[in-house]
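# Structural features, examined
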Amino acid sequence: MVKEQQILEMFMTYIQNERNYSDNTVVAYHDDILDFQTFLNQQHILNYQDVDYLLIRLYLTELKREKYSRSSVSRKISSLRSFYNFMLREEFVSTNPFTYVSHAKSELRLPKFFYNEEMEALFQVVYENDEALTLRNRVIFELLYGTGIRVSESADIQMNDIDRAYQAILIRGKGNKERYVPFGSFFEDAMQEYLNKGRKVLMKQHRKEHNFLLINHYGDPLTARGIRYALTKVIEKASLTRKIHPHMLRHTFATDLLNNGADMRTVQELLGHASLSSTQIYTHVTKEHLKATYMKHHPRA
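Let me sum up the structure you'll find in this document. (Residues numbered from 1 in each chain as written. Predicted model: local features only at pLDDT ≥ 70, side-chain atom pairs only at ≥ 80, totals over all residues. Heavy atoms only, no water.)

### Some thoughts on the overall build of the protein chain
When you go through the protein chain residue by residue, the secondary structure sums to twelve helices and three strands. Judged by the C-alpha coordinates and their principal axes, the protein chain covers about 65 × 65 × 35 Å. Partitioning the contacts of the protein chain with sequence separation of at least 6, the portion at a separation of at least 24 is 56%. Accessible surface, the protein chain as shown: approximately 17,900 Å² in total, 50% of it carbon and sulfur. Put simply, the protein chain has 40 plus and 36 minus side-chain charges, and the middle of one group is 4 Å from the middle of the other. (Helix = DSSP H or I, 4+ residues; strand = E, 2+ residues; numbered from the N terminus. Contact = heavy atoms within 4.5 Å. Areas by Shrake-Rupley, 256 points an atom, 1.4 Å probe, with all protein chains shown as cover. Lys, Arg positive; Asp, Glu negative; His and termini not counted. Charge placed at Lys NZ, Arg CZ, Asp CG, Glu CD.)

### What about the sheet that holds strand S3 (residues 178-182)?
Across the sheet, three strands lie side by side as S1-S2-S3; this open sheet has antiparallel pairing. Each edge of the sheet is formed by a strand with only one pairing partner; in this case those strands are strand S1 (162-163) and S3. Relative to strand S2 (residues 168-172), S1 runs antiparallel, the two sharing two bridges. Bridged to Ile 162 within S2 is Ile 169. (Pairing = 2+ DSSP bridges.)

### A few points about the pairing of S2
The element S2 is extensively covered by neighbouring structure, given that four of its five residues are classed as buried. The hairpin formed by S1 and S2 contains four residues between the paired strands, and Gln 167 there has a positive phi angle of roughly 50°. Pairing geometry for S2 and S3, over five bridges, is antiparallel. Residue pairing across strands places Arg 172 opposite Glu 178, the latter belonging to S3. Here S2 folds back onto S3 in antiparallel fashion, the turn holding five residues, of which Gly 175 has a positive phi close to 65°. (Buried < 20%, exposed > 50% of the residue type's maximum accessible area, 1.4 Å probe, protein only.)

### Describing the side chain of Thr 279
If you trace the backbone, Thr 279 turns up in helix H12 (residues 276-297). Here His 273 takes part through its side chain, which lies 2.8 Å from a polar atom of the side chain of Thr 279. Ignoring any residue separated from it by four or fewer positions in sequence, one finds Thr 279 in contact with Met 264, Val 267, Gln 268, Leu 271 and His 273. (Polar contact = N/O pair within 3.5 Å; in protein donor to acceptor, adjacent residues only side chain to side chain.)

### Regarding helix H9 (residues 224-237)
The first and last C-alpha atoms of H9 sit 20 Å apart over 14 residues, in line with the 20 Å expected at 1.5 Å per residue. The first or second residue beyond H9 is Ser 239, which carries a positive phi of 60°. (Expected span 1.5 Å × (residues − 1).)

### Concerning the packing of aromatic side chains
Tallied over the full model, the rule gives 19 aromatic pairs. Measuring from ring centre to ring centre gives 5.1 Å for Phe 183 and Phe 187, while their planes differ by 70°; the resulting arrangement is edge-to-face. Of the two residues, Phe 183 and Phe 187, neither departs from the other in class, the shared state being buried. In this structure an aromatic cluster arises from ring pairing among Phe 11, Tyr 14, Tyr 21, Tyr 29, Phe 36, Phe 39, Tyr 48, Tyr 59, Phe 83, Tyr 84, Phe 86 and Phe 98. (Phe/Tyr/Trp six-rings, centres within 6.5 Å; stacked < 30°, edge-to-face > 60°.)

### Description of the pattern of salt bridges
Applying the stated criterion to the full structure yields 16 salt bridges. Two residues, Glu 90 and Arg 89, come together in a salt bridge whose shortest N-O distance is 2.9 Å. Residue Glu 90 is classed as partly exposed on the basis of its relative accessible area of 32%. With relative accessibility at 46%, the residue Arg 89 sits in the partly exposed group. Here Glu 188 and Arg 164 are joined by a salt bridge, their closest N and O atoms 2.8 Å apart. Linking Glu 188 in helix H8 (residues 185-205) with Arg 164 in the loop between S1 and S2, this pair joins segments that are 24 residues apart in sequence. Take Glu 188: its relative accessible area is 19%, and that puts it in the buried class. Accessibility expressed as a relative area gives 32% for Arg 164, which makes it partly exposed. (Salt bridge = Lys/Arg side-chain N within 4 Å of Asp/Glu carboxyl O.)

### Thoughts on empty space enclosed by the protein
Applying the stated rule across the entire model yields one cavity of 30 Å³ or more. By volume, the largest cavity is sized at about 30 Å³. If you go around the largest cavity, the residues you meet are Leu 144, Ile 149, Arg 150, Val 151, Pro 246, His 247, Leu 249 and Arg 250. Within the lining of the largest cavity, the residues separate by chemical class into five nonpolar, one polar and two charged. (1 Å grid on protein atoms, 1.4 Å probe; cavity = no way out; pocket = protein on both sides within 12 Å on 5 of 7 lines; lining within 4 Å. Points joined across faces, edges and corners; volume = space filled by probe spheres on them. Nonpolar A, V, L, I, M, F, W, Y, C, P; charged D, E, K, R; others polar.)

### Focus on the nonpolar core
The nonpolar side chains of a soluble globular protein tend to be buried, and buried together. By size, the foremost hydrophobic cluster in this structure holds 43 residues, and its most contacted members are Phe 114, Leu 122, Ile 169 and Leu 213. Residue assignment for this core shows that the elements contributing at least two residues are helix H5 (116-126), helix H6 (132-147), helix H7 (151-155), S2, H8, H9 and helix H10 (248-259). The contacts of Leu 122, once residues within four sequence positions are left out, are Phe 114, Phe 141, Val 234, Ile 235, Ala 238 and Leu 240. Listed in part, the 30 residues of the second largest apolar core include Phe 11, Leu 60, Ile 77 and Val 101. (Core = buried A, V, L, I, M, F, W, Y, C linked by side-chain atoms within 4.5 Å.)

Here it is, written out as structure tokens:
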């Protein structure tokens, strides 16, 4: 008889290799299932087959008592529903008790973005000198704001992913889905200077050879964590006072496109969103922008 731990390991292999889920998603699913397993142990439930709808309601009550947010509860339900669908397919269980459990309605959280004055302050920092790491940070900002790609996606870019003739970059997104994103003259100029005066110098100095675009001060490939750290330091140096996050560059990219007339489908494709609903959250932001502009400039507002 297959034990619960073996079933979990099989499911992890399935979502990682067959479904091509990202590492972060795999970790989240694993944690959600382990959390549910702990609850089952407390209820003296020995196997997954014995879980029913009433037990799930008790679990959701426990999550509410522990003050989990609605979005976290919704994610846990989704993780466990997928897990049971897998077990149903493999005939480890006869039913999926999560089929009729509805998601908790998520709170609408509008994406935060940088205002024009804040973007000017950030670019002032990355254009203040031509030191190797400043040139690299300039490329990071021009890349993230100019293309809207994720921080994790920027860490994976290699030199042969960049088509300078067509001004486009091959991006490998979530689930290993590939897409091309265009870039403009600001990134082109920043990249050219970085390659000649920054990347080449550091690679030669530390005798490194690899194909990654972004590197650290030792000449090694810059990780997503390293990129976030570099961005955070630039943000701190710009003395921006409100609570901000590097991912806001992606939000700013999308918001600025929509505010300047780009259509929703194009923005969806550029961001690499699987569905239009993920992109539509930005319409709430642009509506607020339109309202603020109207209230400020119309004589009858």
